[in-house]
There are 2 protein chains.
Amino acid sequence: MLGLPKLDRIDINILGQLQQNSRLSNVDLAQAVGLSPSPCLARVKRLEKAGYITSYTARLNLGKLVDHITVFTEVTLKDHRREDFVKFESEIRRYDALKECHLVSGGYDYLLKFVTRNVARYHELMEHILERNVGVEKYFSYIVIKTVIDRDNVLLKYLMTDEQAG
Amino acid sequence: MLGLPKLDRIDINILGQLQQNSRLSNVDLAQAVGLSPSPCLARVKRLEKAGYITSYTARLNLGKLVDHITVFTEVTLKDHRREDFVKFESEIRRYDALKECHLVSGGYDYLLKFVTRNVARYHELMEHILERNVGVEKYFSYIVIKTVIDRDNVLLKYLMTDEQAG
DNA sequence: AGTGAAAGCGAGGCCGG
DNA sequence: CCGGCCTCGCTTTCACT
């Protein structure tokens, strides 16, 4: 975090390649970015240490593994002092079913994304949260009927360019 | 897709391990799940071919790479015939900035998640979508101020167990 | 910084239980 | 279906540029 060495085009290229396929062998990666294996490996290590790469994960087809539902929950807090946000954020972390939690601008405070076995499980979860008195005034749930798109990579090339999508 | 061979505990374990670290070497993975390398590798290949593993990706710290914002958009369609949904879903795919798109139950039709450079870009994008007449009646935007939680793995162990989170 | 060689180790195939 | 062996190729280091 102290010194941010700038990234050149090769670094960006490496990140993009690994984002698409984290199991690329170092020799293949090196060839893809036009380097020989040694400096390529050194760059990858450097990018990892500098925190540009946070983890390497396998994407699973969860639907084939176990029945589950996704639910988005809009949460409004009772009070809006700094400590109320801190408390909610720290308490909500306990829940394994919680995939995402975002503080948003607009009609409510937090947008949450849960993944649970079924609606009953989700309902239990929300009751549990309310009981624990983490400062929730009200919430509204949107159950996902069908996920049309859920992309993992994309972005990098798009965000680095100046063209607007057509 | 034709024959779904059942997964035993070792398979689940393998998936969980690779979900946490897709760069595990096969020998380390084998040891972690209590197998010798050969059958372990065979299982991984089988799981890949059967579609339980969809991809291996590197998670990037996007915030360090480029400034960007995340926006959730609630979309309501004008009409709700089957063809209206089909049209919207196919048209919306074109947009690189779109990370997620879910059909939801409740007050509106689709919940979208965008990632763009800034608010101006997002606004252009939405104008573009409205102009292209994909059947959007109205939309409402929630700009993410702070992402508190964004987990990639979790789930597997949680979803496979019967205990409720505490 | 990148290259190239060398050593060590893992991937992936094949047989035997 | 698992374990052990074997070979090939990759990873990783190091001296050099």
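Residues numbered from 1 in each chain as written. Chains lettered and ligands numbered in written order. Predicted model: local features only at pLDDT ≥ 70, side-chain atom pairs only at ≥ 80, totals over all residues. Heavy atoms only, no water.

*Asks:* Mind showing me how you'd approach the relation of the copies chain B and chain A here?
*Replies:* Superposition record for chain B on chain A: RMSD 0.1 Å, screw rotation 180 degrees, translation along axis 0.1 Å. Here the copies are linked by what is in effect a two-fold axis. (Least-squares fit on C-alpha atoms with pLDDT ≥ 70 in both.)

*Asks:* What is the right way to read the interface of chain B and chain A from this model?
*Replies:* Often, the extent of an interface is quoted as the loss of accessible area upon association of its parts. With 85 residues of chain B at the interface, the matching set in chain A holds 85 residues. Taken together, the links from chain B to chain A amount to 4 salt bridges. As a salt-bridge pair, lysine 113 of chain B and glutamate 100 of chain A come within 2.8 Å of each other at their nearest N and O atoms. Inspection of the region where chain B meets chain A yields 45 residue pairs in polar contact (both at pLDDT 80 or more). (Contact = heavy atoms within 4.5 Å. Salt bridge = Lys/Arg side-chain N within 4 Å of Asp/Glu carboxyl O. Polar contact = N/O pair within 3.5 Å; in protein donor to acceptor, adjacent residues only side chain to side chain.)

*Asks:* What am I meant to see in the packing of aromatic side chains here?
*Replies:* The relative placement of two aromatic rings is captured by the distance of their centres and the angle of their planes. Going through the model one piece at a time under the given rule, you end up with 11 aromatic pairs over all chains. Ring geometry for phenylalanine 72 of chain A against phenylalanine 72 of chain B: centres 6.4 Å apart, planes inclined by 65 degrees, an arrangement best described as edge-to-face. One end of the pair, phenylalanine 72 of chain A, is in strand β2 (residues 69-77); the other, phenylalanine 72 of chain B, is in strand β2 (residues 69-77), on a second chain. The class for phenylalanine 72 of chain B is buried, based on a relative accessible area of 1%. Summarising the aromatic geometry, the rings of tyrosine 142 of chain A and tyrosine 108 of chain B are spaced 4.5 Å apart at their centres and angled 40 degrees between planes, so their arrangement reads as tilted. Of this pair, tyrosine 142 of chain A sits in strand β5 (residues 136-150) while tyrosine 108 of chain B sits in the loop between β3 (98-104) and β4 (110-116), each in a different chain. In this structure, tyrosine 142 of chain A and tyrosine 108 of chain B share a single accessibility class: buried. (Phe/Tyr/Trp six-rings, centres within 6.5 Å; stacked < 30°, edge-to-face > 60°. Helix = DSSP H or I, 4+ residues; strand = E, 2+ residues; numbered from the N terminus. Buried < 20%, exposed > 50% of the residue type's maximum accessible area, 1.4 Å probe, protein only.)

*Asks:* Help me out: how do you make sense of the environment of isoleucine 145 of chain B in this one?
*Replies:* Relative to the assigned elements, isoleucine 145 of chain B resides in strand β5 (residues 136-150). The residues touching isoleucine 145 of chain B, leaving out its near neighbours within four places in the chain, are Leu103, Val104 and Ser105 of chain A.

*Asks:* Can you walk me through the domain arrangement of chain A in this structure?
*Replies:* Assigned domains within chain A: domain 1 (1-59) and domain 2 (62-143). The C-alpha centroid of domain 2 of chain A is placed 35 Å from the C-alpha centroid of domain 1 of chain A. (Domains from an automatic or database assignment.)

*Asks:* What exactly am I supposed to notice about the protein's contact with DNA strand C here?
*Replies:* The immediate surroundings of DNA strand C are formed by Ser36, Ser38, Pro39 and Arg43 of chain A together with Ser25, Asn26, Val27, Ser38, Leu41 and Lys45 of chain B. Backbone polar atom of asparagine 26 of chain B to a phosphate oxygen of DNA strand C: 2.4 Å apart, as the coordinates give it. Those elements giving two or more residues to the surface near DNA strand C turn out to be α3 (37-49) of chain A together with α2 (26-33) and α3 (37-49) of chain B. When its residues are assigned to classes, the surface near DNA strand C shows 3 nonpolar, 5 polar and 2 charged. (Near = heavy atom within 4 Å. Nonpolar A, V, L, I, M, F, W, Y, C, P; charged D, E, K, R; others polar.)

*Asks:* Just to check I follow, could you spell out α3 of chain A for this structure?
*Replies:* Because each turn of an α-helix spans 3.6 residues, side chains separated by three or four positions in sequence point in the same direction. Residues and elements named next belong to chain A. Between its terminal C-alpha atoms α3 stretches 18 Å, which fits the 18 Å expected from 13 residues at 1.5 Å a residue. Buried residues of α3: Cys40, Arg43, Val44 and Leu47, and no others. For α3, the angular spread of buried residues about the axis comes to 100 degrees, placing them on one side. Facing away from the buried side of α3 by over 90 degrees, the exposed positions are Ser38 and Lys49. Where α3 terminates, the next one or two residues include glycine 51, which has phi positive at roughly 85 degrees. (Expected span 1.5 Å × (residues − 1). Arc of directions from axis to C-beta.)

*Asks:* I keep staring at the pairing of strand β1 (residues 53-60) of chain A and nothing clicks. Help me out?
*Replies:* Within a regular strand, side chains alternate between the sheet's two faces. With 7 of 8 residues buried, β1 of chain A is to be regarded as a mostly interior element. As paired strands, β1 of chain A and strand β1 (residues 53-60) of chain B are joined by 7 bridges and run antiparallel to one another. Residue pairing in the sheet places leucine 60 of chain A in a bridge with isoleucine 53 of chain B of β1 of chain B. (Pairing = 2+ DSSP bridges.)

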